[in-house]
Structures are given as structure tokens and as C-alpha cells.
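Architecture at a glance
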Amino acid sequence: MTVKHNSSANTIRYPRTGKRGLPQQFPRRLYEMLECENRASDDKGFNQGVIQWSRSGRAFQITDVALFASTILPKYFRTSKFSSFQRNLN
């Protein structure tokens, strides 16, 4: 996914790849969730968060599925069901 930064307004423009030319919501929210949660775990001094990027940065891992579904998923998505999240990944 290519993200363009608009320097004049400091806004992020996402590529138009979804229905009717709208940006895909799931990949954007997933990326934002990973970035925010990694930043939060780094700020608190944790070595591992509930969800984190892999060392290569090309994948992510969830270390505690139950905690992820109950606390993190509802902050970024309209569901707290891990199966719905998993279905969107496929």
C-alpha cells in the first residue's frame, strides 16, 4: 500500500482501491492499530505488546488472542470477535 503525505495540510491520502474508488478501511485501520499499539507498548517500557510487528516488519503477531479481542479490537474496529478480524485478514 502506498501512502502519500500532503505536506500543505499534514493529512494522509490513501490509495483508492475499494468499491467506488474509496480507500480500503481494514488495511488502513490494521496498520494504524499496529503502529499505535507498538508505540504505546514502547512508551510503557514493555518488551512485548499484545500485538506487534515481526522483526522483519513484514508480518505481525498476536501474543494473547483473548486480551487482544477484549481490549484492542474494540478500539479500532466495530467488533470484538477475533473470528471477524481473522476473516478480514483473508
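Notes on the structure in this doc start here. Numbering of residues starts from 1 in every chain and runs along the sequence as written. A pLDDT threshold of at least 70 governs which residues receive local features in this predicted model, and a stricter bar of 80 or more applies before side-chain atom pairs are shown or counted, although totals over entire chains, interfaces and linings include all residues. With hydrogens and water stripped out, all remaining heavy atoms of the structure feed into the side-chain values.

Quick look at the nonpolar core
In plain terms, the rule: We call a set of buried residues a nonpolar core when its members are Ala, Val, Leu, Ile, Met, Phe, Trp, Tyr or Cys and they connect through side-chain atoms within 4.5 Å of each other. Each residue's exposure class comes from its accessible area (1.4 Å probe, protein chains only) as a fraction of the maximum for that residue type: buried when under 20%, exposed when over 50%, partly exposed otherwise. Here a helix means four or more residues in a row that DSSP labels H or I, a strand means two or more in a row labelled E, and each is numbered from the N terminus. Residue contacts follow a heavy-atom distance rule, with two residues in contact if any of their heavy atoms lie within 4.5 Å.
Counting residues in hydrophobic clusters, the biggest one holds 13 residues, and the most contacted among them are Met 33, Phe 68, Ile 72, Phe 77 and Phe 85. Counting residues per element, this core draws most heavily on helix H2 (residues 65-76), at five residues. The contacts of Ile 72, once residues within four sequence positions are left out, are Met 33, Glu 37, Val 50, Ile 51 and Leu 67.

Some words on the pattern of salt bridges
Under the convention used in this document: What counts as a salt bridge is simple: a side-chain nitrogen of Lys or Arg found within 4 Å of a carboxyl oxygen of Asp or Glu.
Under the definition given, this model contains two salt bridges. With a shortest N-O distance of 3.3 Å, Glu 32 and Arg 28 are connected by a salt bridge. Of the two residues, Glu 32 and Arg 28 both sit in helix H1 (residues 25-43), four residues apart, roughly one turn of that helix. Here Arg 28 falls in the buried class, since its relative accessible area comes to 17%. As a salt-bridge pair, Glu 37 and Lys 75 come within 3.1 Å of each other at their nearest N and O atoms. Taken as a pair, Glu 37 in helix H1 and Lys 75 in helix H2 lie far apart in primary sequence, 38 residues in all. The class of Glu 37 is buried, set by a relative accessible area of 13%. For Lys 75, a relative accessible area of 54% gives the class exposed.

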